[in-house]
Amino acid sequence: MKAEWSRRHVLGLEDLSADEITTILDEAARFKDLADRGEARHTLLKGVTVCNLFFEPSTRTKTSFNLAARRLGADTVDFAAAASSLSKGETFIDTARNIEAMGVDHMVVRHSTSGTPYILTQHLQTGVVNAGDGTHEHPTQGLLDLFTIREHRGTLEGLTVALVGDILHSRVARSNIWGLKKLGAKVIVCGPATLIPAEIHRLGVEVSYQLDDILERTDVINLLRIQFERQRGAFFPSIYEYAQFYGMTADRIRRAKKDVLILAPGPINRGVELTPEVADGPHSVILGQVTNGLFVRMATLHLMHQAREKHLASK
Ligand code: CP
């Protein structure tokens, strides 16, 4: 069902209904279909400015938001935090308000602190989209994961999807859990006990500490990176042991369902969460996820912009 879209901000999949998620996925599918037929560029956001504010490194998200905005006809600007006047003591909110004052319409925000995109919505009139905030959510990654699974399987309903790895520190895990559950998938979180939050079952997921126990009944396996940059202390003895117990190998692929889909949000660490032969093998849809990210971000920006236009017209 196509939901009436009214959101000027996209902060997390926890906030979105199943219909709203489906609306974004359908809109992304429409952009992908048009691109496949040679209509990759549009003027839907002509005259609009989108600013990327990334306070953490990014390859996929930042580049694809940039491309998505440009494919829609918008102007884009990248904010370089390290070279900005934040280093002279300007506050984060003052920085954002100064950027807004230059006529920016939408901000794409990545920050190490959970809740930062929400705080911006309380101080700015621009649209805000969360490009990953701390350990909270990474909604467009969740959406592109859903899109990729739906593209290959036709539906999320009734599938069993395993999220494997560092669930504790993963914003991708949280966005996946909300989105997958809302669209009718069963979710298993799997990893070392030290990397699985104690109360995670309250989100309606199954918990497993043994990848080998769930291989045979899982349709999709999403391999999450160990987030060393967010860890305080050691959560497992060594990378070698982690790879032994939780790494996806050719042997584990042989024991999985014959049509199992392998996803990873990237960046991938070859030899840790998966071997090169799995990453580049026939079950992997990892680069397809990246391709789909462009269309999901085009859909997100387009829907947000329509809502912003309506909001401004109603004032
Ligand atoms: N998956 C993802 O968010 O990748 P980047 O950190 O490269 O944006």
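Cut-offs applied
Residues numbered from 1 in each chain as written. Predicted model: local features only at pLDDT ≥ 70, side-chain atom pairs only at ≥ 80, totals over all residues. Heavy atoms only, no water. Domains from an automatic or database assignment. Contact = heavy atoms within 4.5 Å. Buried area = accessible area lost by both parts, 1.4 Å probe. Salt bridge = Lys/Arg side-chain N within 4 Å of Asp/Glu carboxyl O. Polar contact = N/O pair within 3.5 Å; in protein donor to acceptor, adjacent residues only side chain to side chain. Pairing = 2+ DSSP bridges. Helix = DSSP H or I, 4+ residues; strand = E, 2+ residues; numbered from the N terminus. Axes fitted to C-alpha atoms, helices over the stretch in contact; angles between N-to-C directions. Buried < 20%, exposed > 50% of the residue type's maximum accessible area, 1.4 Å probe, protein only.

**Describing the domain arrangement of the chain**
Here comes step 1: By domain assignment, the chain separates into domain 1 (18-136 + 293-314) and domain 2 (139-289).
Here comes step 2: Summarising the inter-unit geometry, the C-alpha centres of domain 1 and domain 2 are found 26 Å apart.
Here comes step 3: Counting residues at the interface gives 26 residues for domain 1, matched by 22 residues for domain 2.
Here comes step 4: Buried area between domain 1 and domain 2, summed over both chains or domains, comes out near 1900 Å², and the portion from carbon and sulfur atoms is 60%.
Here comes step 5: Sorting the residues of domain 1 by area buried against domain 2 places I21, L25 and T135 first, and these three jointly supply 29% of that buried surface.
Here comes step 6: Here E56 ties to R171 by a salt bridge, and the two come within 3.0 Å at their closest N and O atoms.
Here comes step 7: One can count eight residue pairs in polar contact (both at pLDDT 80 or more) joining domain 1 with domain 2.

**Remarks on the sheet that holds strand β8 (residues 220-223)**
Here comes step 1: Read across the open sheet, the five strands follow the order β7-β6-β5-β8-β9; overall the sheet is parallel. Strands with a single pairing partner mark the edges of an open sheet, and in this sheet they are β7 (206-208) and β9 (261-263). Strand after strand, the sheet turns through a mean of 20° between neighbouring axes, direction not considered.
Here comes step 2: Relative to strand β6 (residues 186-190), strand β5 (residues 160-164) runs parallel, the two sharing five bridges. Bridge pairing in β6 places V161 opposite V187.

**Describing the environment of H302**
Here comes step 1: Among the structural elements, H302 can be located in helix α11 (residues 286-313).
Here comes step 2: Since its relative accessible area comes to 7%, H302 is described here as buried.
Here comes step 3: Non-local contacts of H302, meaning those with residues more than four positions away in its chain, are made with E27, R30, F31, L44, L45 and L72.

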